[in-house]
Amino acid sequence: MRNTRVTHYEDTPRDVVITGNDYPPHYVLPRHAHKRGQLLYAATGVVTVITDEGSWVVPPRRALWIPGGIAHEVRMSGAVSTRSAYVRAEASASLPIHCRVIGVSLLLHALLLEAVDLPAEYALDGRDGRVMALLLDEIAAMPALALNTPLPRDPRLARLCRALMAAPALEIDIDAMAHKVGISRRSFTRLFRQQTGMSFSAWRQQACLLAALTRLGGGESITQVAVDLGYSSASAFTAAFRRVLGAAPSRYLASDEHIARATTEA
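Residues numbered from 1 in each chain as written. Predicted model: local features only at pLDDT ≥ 70, side-chain atom pairs only at ≥ 80, totals over all residues. Heavy atoms only, no water.

## Brief notes about the overall build of the chain
Secondary structure assignment for the chain yields 10 helices and nine strands. Relative to the globule expectation of 18 Å for 266 residues, the C-alpha radius of gyration of the chain, 19 Å, shows essentially globular dimensions. Overall, the C-alpha framework of the chain stretches about 60 × 35 × 30 Å when taken along its three principal axes. The buried share among the 266 residues of the chain stands at 53%. Relative to all contacts within the chain whose residues are 6 or more apart in sequence, the contacts with residues 24 or more apart total 72%. Across the chain, the 29 positively charged side chains and the 24 negatively charged ones have centroids separated by 8 Å. (Helix = DSSP H or I, 4+ residues; strand = E, 2+ residues; numbered from the N terminus. Rg over C-alpha atoms; globule rule 2.2 N^0.38 Å. Buried < 20%, exposed > 50% of the residue type's maximum accessible area, 1.4 Å probe, protein only. Contact = heavy atoms within 4.5 Å. Lys, Arg positive; Asp, Glu negative; His and termini not counted. Charge placed at Lys NZ, Arg CZ, Asp CG, Glu CD.)

Here it is, written out as structure tokens:
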């Protein structure tokens, strides 16, 4: 089902329902939730999803699993084409209980492209049913990717982190952050690690790199993004990006470009 909302299909008597949608640059889907779990696949463009637990960035040819009932906002960077698999709770026992970005194999990509044109009430005992069953197996087998910035539970830290996520920069000082929260540096660092699982410096770098992914996906230059985020040079930014995410920005966003092109032409 293409360019349609899933709202009218969530009670369809099938374990999986697939939709495909296209969005213009900077489009925002306001905060909402689904009864079913959702696999949100960014076929083209970069998608950012925000929940009460944090922010997830989904580059091209990756996907985000969002459990059912999780309220989330979706922001598009650049022109975005998505495929979404909505999975009933009964069929998602093997899938994560928290949001998670995952890699997408060639097989999963092909299954999503095929499934989007199947009828909502596909035949369970034929080829269509087998496609959907294999799709569920393939989702469960995909590797997790560290493409999220967690939010702490403490309201003071959460407010601070939301502000930093809106305008991240390497020069953000830990002492200044502790002062804003009204606690000592030692208490700040201990509480921050307890509630996010990361040191503040690692969190700050992650927020910068994921913001960079979003901006690069929207067409901004590597040099401009690097300067704005506080890196000494484009090469220093590229080195940090490669160290944390495993590839240079240009390769990361252009990976498997032929797949994205095939999706657009499908």
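Having seen the model, we can carry on.
## Observations concerning the side chain of Thr238
Within the secondary structure, Thr238 is located in helix 8 (residues 234–245). Thr238 gets classed as buried once you look at its relative accessible area, which sits at 16%.

## What about the pattern of salt bridges?
For the structure on display, the rule yields 12 salt bridges. Across the pair Asp52 and Arg162 runs a salt bridge, and its minimum N-O distance is 3.9 Å. With Asp52 in the loop between strand 3 (37–51) and strand 4 (54–58) and Arg162 in helix 3 (residues 155–166), the pair connects residues that are 110 residues apart, well separated along the chain. The partner of Arg127 in a salt bridge is Glu114, and the shortest N-O contact between them spans 3.0 Å. Within this pair, whereas Arg127 is found in helix 2 (residues 127–141), its partner Glu114 is found in helix 1 (residues 106–115), the two being separated by 13 residues in sequence. Residue class for Arg127 comes out partly exposed when judged on its relative accessible area of 45%. Classification of Glu114 by relative accessible area gives partly exposed; the value is 33%. Ionic contacts of the salt-bridge type, sharing partners, join the residues Arg31, Asp52 and Arg162 into one network. (Salt bridge = Lys/Arg side-chain N within 4 Å of Asp/Glu carboxyl O.)

## Considering the nonpolar core
In this structure, Val47, Leu64, Leu213, Tyr231 and Phe237 are the most contacted members of the largest nonpolar core, which totals 34 residues. Elements with a minimum of two residues in this core: strand 3, strand 4, strand 5 (62–66), strand 6 (72–87), helix 6 (200–217), helix 7 (222–229) and helix 8. Here this core gets six residues from one element, more than from any other, and that element is helix 6. Sequence-distant contacts of Val47, that is, excluding residues within four places in its chain, are made with Leu40, Ala42, Trp56, Val57, Val58, Val74, Arg75, Met76 and Val80. With 26 residues, the next largest nonpolar core counts Val16, Ala91, Leu108 and Leu135 among its residues. (Core = buried A, V, L, I, M, F, W, Y, C linked by side-chain atoms within 4.5 Å.)

## Re the environment of Ala91
Position of Ala91 relative to the elements: it lies in the loop between strand 6 and strand 7 (100–103). Judged by relative accessible area, Ala91 falls into the buried class, the value being 18%. With 38 residues separating them along the chain, Ala91 and Gly129 place their C-alpha atoms 13 Å apart. Discounting residues that sit within four places of it in the chain, Ala91 has contacts with Asp15 and Leu136.

## A look at the packing of aromatic side chains
Summed over all chains, the structure comprises nine aromatic pairs. Judged by centre distance (5.3 Å) and plane angle (70°), the rings of Tyr231 and Phe237 are edge-to-face. Assigned by exposure class, Tyr231 and Phe237 land together as buried. Its guanidinium or amino end placed over the ring of Tyr122, Arg14 lies 5.6 Å from that ring's centre, counting from NZ or CZ. (Phe/Tyr/Trp six-rings, centres within 6.5 Å; stacked < 30°, edge-to-face > 60°. Lys NZ or Arg CZ within 6 Å of the ring centre and 35° of its normal.)

## Some points on the confidence of the model for the chain
Interpreting fine coordinate detail is not advised for predicted regions of low pLDDT. Mean pLDDT over the chain: 91, with 95% of residues reaching 70 or higher. Per-residue pLDDT, averaged within each element of the chain, yields its smallest value for helix 10 (residues 257–265) (42) and its largest for strand 5 (97). In this model, residues 256–266 is a region of pLDDT below 50 whose contacts with residues beyond four sequence positions or in other chains number 15 contacts. (pLDDT = per-residue confidence, 0-100.)

## Some points on the packing of helix 1 against helix 2
Where helix 1 contacts helix 2, the two axes come as close as 10 Å, and the packing angle between them is 140°. Viewed along their axes, helix 1 and helix 2 adopt a mutual orientation that is oblique. Here helix 1 runs over helix 2; the crossing is left-handed. Along the contact surface, helix 1 presents Leu107, Leu108, Leu111, Leu112, Glu114 and Ala115, while helix 2 presents Arg127, Val131, Met132, Leu134, Leu135, Glu138 and Ile139. (Axes fitted to C-alpha atoms, helices over the stretch in contact; angles between N-to-C directions. Parallel < 35°, antiparallel > 145°, perpendicular 65-115°, else oblique. Left-handed = near helix turned anticlockwise from the far one by under 90°.)

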